[in-house]
Amino acid sequence: MRCPYCRYPETKVLETRETEGNTRRRRECLRCAKRFTTYEQAEQDELTVIKKDGRREAFDRDKLLNGLRRACEKRPIEQAQLERAVEDIEARLINHKKSAVKSSHIGEMAMRRLKKLDNIAYLRFASVYRDFADITSFQDEVRQLVSENKQKKALSE
Ligand SMILES: [Zn+2]
């Protein structure tokens, strides 16, 4: 995607919106910093996800959003916060300029964001996602989280 002002080939995606089969993106040129909007056919710019078993499927932002939503059930997190997290992840993936990305990578990105929002939601997501084999690995994760929180608290005091 070249900048229409200076023809520089690299841009940063600021915002992505789906509109009737097209993707509307606000972009900013990495050289001249001018902003412009592109309308892309969904197929042309499709991001492929490589699953654990090696199968490939198109990146589905709704699926990711639903996964986050499930983890956040009855937690004090607003829908808008989750949407922002998904948008942020998608924008980063697009900026990677790779057409295929491992599902584990997306999962880790989602977990990093959830961790900042809510510890319980994070643990729920991680338990589904990382597929904790037993209670010990779950306990390890909780212990890790508790010690991180203590460190954070110590730093802020
Ligand atoms: Zn430019």
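Residues numbered from 1 in each chain as written. Predicted model: local features only at pLDDT ≥ 70, side-chain atom pairs only at ≥ 80, totals over all residues. Heavy atoms only, no water.

Enquirer: Describe in detail the coordination of the zinc ion, supporting the description with residues and values.
Expert: All of the protein donors around the zinc ion are Cys3 (SG), Cys6 (SG), Cys29 (SG) and Cys32 (SG); their distances to the metal are 2.3 to 2.4 Å. Here the donor residues for the zinc ion map to a single chain with the spacing C-x2-C-x22-C-x2-C. Classification of Cys3 by relative accessible area gives buried; the value is 0%. (Donors = N, O, S within 2.8 Å, 3.2 Å for Na, K, Ca; no water. Buried < 20%, exposed > 50% of the residue type's maximum accessible area, 1.4 Å probe, protein only.)

Enquirer: Can you break down unusual backbone geometry residue by residue, with the values?
Expert: Backbone geometry places Ala33, a non-glycine residue, at a positive phi of 65°. A relative accessible area of 44% means that Ala33 is categorised as partly exposed. If you check the backbone angles, Lys74 has positive phi at about 60° while not being a glycine. Along the chain, Lys74 falls in the loop between α1 (61-71) and α2 (79-96). (Helix = DSSP H or I, 4+ residues; strand = E, 2+ residues; numbered from the N terminus.)

Enquirer: Break down the packing of α2 against helix α3 (residues 103-117) for me, with residues and values.
Expert: At a minimum axis distance of 10 Å, the contact between α2 and α3 shows a crossing angle of 145°. Like other packed secondary-structure pairs, α2 and α3 cross with a definite hand, here right-handed. Of the residues in α3, those in contact with Gln81, Leu82, Ala85, Asp88, Ile89, Arg92, Leu93 and His96 of α2 are His105, Ile106, Met109, Ala110, Arg113, Leu114 and Leu117. Taken together, the residues of the contact of α2 with α3 sort by class into 9 nonpolar, 3 polar and 3 charged. (Axes fitted to C-alpha atoms, helices over the stretch in contact; angles between N-to-C directions. Left-handed = near helix turned anticlockwise from the far one by under 90°. Contact = heavy atoms within 4.5 Å. Nonpolar A, V, L, I, M, F, W, Y, C, P; charged D, E, K, R; others polar.)

Enquirer: Tell me about the packing of helix α4 (residues 119-129) against helix α5 (residues 135-156), residues and numbers included.
Expert: Here α4 crosses α5 at 150°, and the two axes come no closer than 11 Å. The angle between α4 and α5 places the two elements in the roughly antiparallel class. Judged by the sense of rotation from one axis to the other, the crossing of α4 with α5 is right-handed. Where α4 approaches α5, its residues Asn119, Tyr122, Leu123 and Ser127 are matched on the opposing element by Phe138, Glu141, Val142, Leu145 and Asn149. (Parallel < 35°, antiparallel > 145°, perpendicular 65-115°, else oblique.)

Enquirer: Quick one: what's the story with the nonpolar core, residue by residue and with numbers?
Expert: Judged by nonpolar contacts, the single largest core of 26 residues is most densely connected at Leu93, Ile106, Leu114 and Phe125. Taken together, the elements giving at least two residues each to this core come down to α1, α2, α3 and α4. In terms of residue count, the dominant contributor to this core is α4 (6 residues). Apart from the residues within four sequence positions on either side, Leu114 is in contact with Leu68, Ala71, Cys72, Leu82, Ala121, Tyr122 and Phe125. (Core = buried A, V, L, I, M, F, W, Y, C linked by side-chain atoms within 4.5 Å.)

Enquirer: Talk me through the side chain of Asp118; I want residue IDs and the actual numbers.
Expert: Note on placement: Asp118 falls in the loop between α3 and α4. Its relative accessible area of 9% is what places Asp118 among the buried residues. There is a polar contact of 2.9 Å between the side chain of Asp118 and the side chain of Arg75. Contact partners of Asp118, with chain neighbours within four places excluded, come to Arg75, Pro76 and Ile77. (Polar contact = N/O pair within 3.5 Å; in protein donor to acceptor, adjacent residues only side chain to side chain.)

Enquirer: Explain the pattern of salt bridges to me, and be specific about the residues and the numbers.
Expert: Counted according to the given criterion, the structure contains 12 salt bridges. When the shortest N-O distance is used, the salt bridge between Lys51 and Glu57 registers 3.4 Å. Classification of Glu57 by relative accessible area gives partly exposed; the value is 27%. Put simply, Arg143 and Asp140 hold a salt bridge, and the shortest N to O gap is 3.3 Å. Of this pair, Arg143 and Asp140 both sit in helix α5, 3 residues apart, which is roughly one turn of that helix. Using a relative accessible area of 53% as the deciding quantity, one classes Arg143 as exposed. Taken together, the salt bridges that share partners define one network made up of Glu15, Arg17 and Arg24. (Salt bridge = Lys/Arg side-chain N within 4 Å of Asp/Glu carboxyl O.)

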